[in-house]
Amino acid sequence: MANYTLKALIDNETVKKFNMLNQRVIIVKEAEGSGADVAWVTFAPFEINSVSWEEAYGVYASCSEMEGKAKIEKSSYAQASEKQSYAFANGIFEPPVTDTTLGDNMYEIKNNMTDPDILTFGLAQDVVANGVTYEGNPINAVQVLSNESATFTPHERISIFMQSDLDDGMVISRIKSQALLLDFAKQADIVIKYDPAVGGFVKA
C-alpha cells in the first residue's frame with residue numbers, strides 16, 4: 001500500500017493574512033466517474049502544513065443533494081477494494097462481488113434502493129492534515145438512480161488552493177483562486193510553497 005506526503009510552506013505574514021480572512025487550505029482529489037468535485041479536506045493554514053494519506057479507499061452512500069455548495073454527509077460507508085462491485089440495499093453496502101469487467105483501480109457501486117429512488121455515491125479516503133486524522137472523507141460525488149450503477153477510478157492527483165467558503169465534503173461550484181495540480185503517481189513526497197506574487201502554491 002503506497003503512502004503519500006505533502007508539505008505546503010507559507011510565509012508568516014501570508015499565514016497571518018489568510019487566518020484574518022478565514023482563508024483555508026483546500027485539497028481536491030481526482031477520480032474518474034465523478035459527477036462533481038468535492039473538497040476532500042480543508043484546514044486553517046500554518047507556516048508548515050503537512051498532509052499524508054495511504055492508497056486505500058472506501059465507498060459511501062449519502063442522502064445529500066448536490067446543489068450549489070451542498071455538503072456531502074455520509075449515510076453509509078464501507079472499506080473497498082478495486083475490481084469489486086458494491087451493491088447498496090436496505091440502507092447498507094452488501095458484501096462485495098468480484099467483477100471481471102472492472103479494470104485496475106476501478107470500483108463499482110449499484111444502487112438497489114427503491115426509496116428514495118436516487119442517492120449520492122462516491123469514493124472516500126482517510127487523510128491526515130496537520131496532525132488531525134479525517135476518516136473517510138468523500139473525494140467525489142455522483143447521483144445514481146435506483147437499479148443503476150456507477151464506476152469510479154481514483155487517481156493520486158490533487159489540486160490545492162486557498163478559499164474561504166469551503167468545508168470538508170462540500171461540492172465545489174467554482175474555484176476562486178489559483179489552483180496547483182500535483183501528481184503523486186510520479187512523486188510520492190512533494191514540497192510546495194505559497195507564492196504571493198502568483199496568488200497560489202508553486203513547487204518548492
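The preceding data block contains the structure.
What counts and what doesn't
The residue numbers shown here count from 1 along each chain, following its written sequence. Totals for whole chains, interfaces and linings use every residue, but because this is a predicted model, local features are given only for residues with pLDDT of at least 70 and side-chain atom pairs only at 80 or more, for both listing and counting. Hydrogens and water are ignored here; the side-chain numbers use all heavy atoms of the structure. Exposure above 30% relative accessible area and the absence of a salt bridge qualify a residue for a patch, where like charges join within 9 Å and nonpolar side chains (Val, Leu, Ile, Met, Phe, Trp, Tyr) within 5 Å. For the area figures, the Shrake-Rupley method with a 1.4 Å probe applies, and any residue is considered shielded solely by the protein chains shown. The term salt bridge refers to a side-chain nitrogen of Lys or Arg lying within 4 Å of a carboxyl oxygen of Asp or Glu. Only DSSP runs of H or I reaching four residues or more are called helices, and only runs of E reaching two or more are called strands; each is numbered from the N terminus. Here the term buried applies to any residue with accessible area under 20% of the maximum for its type, exposed to any over 50%, and partly exposed to those in between, with areas from a 1.4 Å probe on protein chains only. Classification of ring pairs uses Phe, Tyr and Trp, with its six-membered ring standing for Trp, and accepts pairs whose centres are within 6.5 Å; under 30 degrees between planes counts as stacked, over 60 as edge-to-face, and the remaining range as tilted. Criterion for a charge above a ring: Lys NZ or Arg CZ within 6 Å of the ring centre, and within 35 degrees of the ring normal. Throughout this description, a polar contact denotes any pair of N or O atoms lying within 3.5 Å of each other; where both atoms belong to protein, one of them has to be capable of donating a hydrogen while the other can accept it, and for residues adjacent in sequence the pair is counted only when both atoms sit in side chains. Any two residues whose heavy atoms approach within 4.5 Å are treated as being in contact. Nonpolar core, defined: a set of buried Ala, Val, Leu, Ile, Met, Phe, Trp, Tyr and Cys residues in which side-chain atoms within 4.5 Å join the residues together.

Colleague: Looking at this model, I keep getting lost on a nonpolar patch on the surface. Mind explaining?
Modeller: A cluster of nonpolar side chains, contributed by Leu9, Ile48 and Val191, occupies part of the molecular surface with about 230 Å² of accessible area. Within the secondary structure, isoleucine 48 is located in strand β5 (residues 48–54). For isoleucine 48, a relative accessible area of 53% corresponds to the exposed category.

Colleague: I would appreciate a short explanation of the packing of aromatic side chains in the present structure.
Modeller: Aromatic ring pairs are defined here through the distance separating the ring centres and the angle between the ring planes. For the coordinates displayed, the defined rule picks out 10 aromatic pairs. Ring centres of tryptophan 53 and phenylalanine 184 lie 4.9 Å apart, and the angle between their planes is 70°; this geometry places the pair in the edge-to-face category. With tryptophan 53 in strand β5 and phenylalanine 184 in the loop between β16 (180–183) and β17 (189–195), this residue pair connects regions lying 131 residues apart in the sequence. For the residue pair tryptophan 53 and phenylalanine 184, the accessibility class agrees, reading buried in each case. Taken together, the ring pairs connect Tyr4, Trp40, Trp53 and Phe184 into an aromatic cluster. Its guanidinium or amino end placed over the ring of tyrosine 77, lysine 74 lies 4.6 Å from that ring's centre, counting from NZ or CZ.

Colleague: Would you mind showing me how to read the pattern of salt bridges here?
Modeller: Between side chains of opposite charge, a pair can form as their charged atoms come close. Going through the model one piece at a time under the given rule, you end up with 5 salt bridges. For the salt bridge of glutamate 156 with lysine 29, the shortest nitrogen-to-oxygen distance reads 3.1 Å. One end of the pair, glutamate 156, is in strand β15 (residues 149–163); the other, lysine 29, is in strand β2 (residues 24–32), and 127 residues separate them in sequence. Here glutamate 156 matches lysine 29 in class, with each residue buried.

Colleague: What's the story with the side chain of asparagine 140 in this structure? I'm lost.
Modeller: On the secondary structure map, asparagine 140 appears in strand β14 (residues 140–145). For asparagine 140, a relative accessible area of 0% puts it in the buried group. One polar contact links the side chain of asparagine 140 to the main-chain amide nitrogen of leucine 123, over a distance of 2.7 Å. The residues contacting asparagine 140, other than those within four sequence positions of it, are Ala31, Ser34, Ala36, Val38, Tyr60, Phe121, Gly122, Leu123 and Phe152.

Colleague: I keep staring at the nonpolar core and nothing clicks. Help me out?
Modeller: Proteins that are soluble and globular tend to have nonpolar side chains buried together. By size, the foremost hydrophobic cluster in this structure holds 46 residues, and its most contacted members are Leu6, Ile27 and Ile160. The contact partners of leucine 6, leaving out residues within four places of it in the chain, are Ile27, Asn49, Ser50, Val51, Ile158, Ile160, Leu182, Phe184, Ile190 and Ile192. Counting residues in hydrophobic clusters, the runner-up holds 9 residues, among them Ala36, Met66, Ile72 and Ala124.

Colleague: Please explain unusual backbone geometry as it appears in this structure.
Modeller: A negative phi angle characterises most non-glycine residues, just as the trans form characterises most peptide bonds. Residue proline 116 is bonded to the preceding aspartate 115 through a cis peptide linkage, with omega at 0°. Following the sequence through the fold, proline 116 ends up in the loop between β11 (107–111) and β12 (118–129). Even without a glycine there, the phi angle at asparagine 90 is positive, about 55°. Its location among the elements puts asparagine 90 in the loop between β8 (84–89) and β9 (92–93). Note on asparagine 90: relative accessible area 72%, which makes it exposed. Of note, the phi angle at asparagine 147 is positive, near 70°, even though the residue is not glycine. Residue position: asparagine 147 is located in the loop between β14 and β15. Here asparagine 147 falls in the exposed class, since its relative accessible area comes to 63%.

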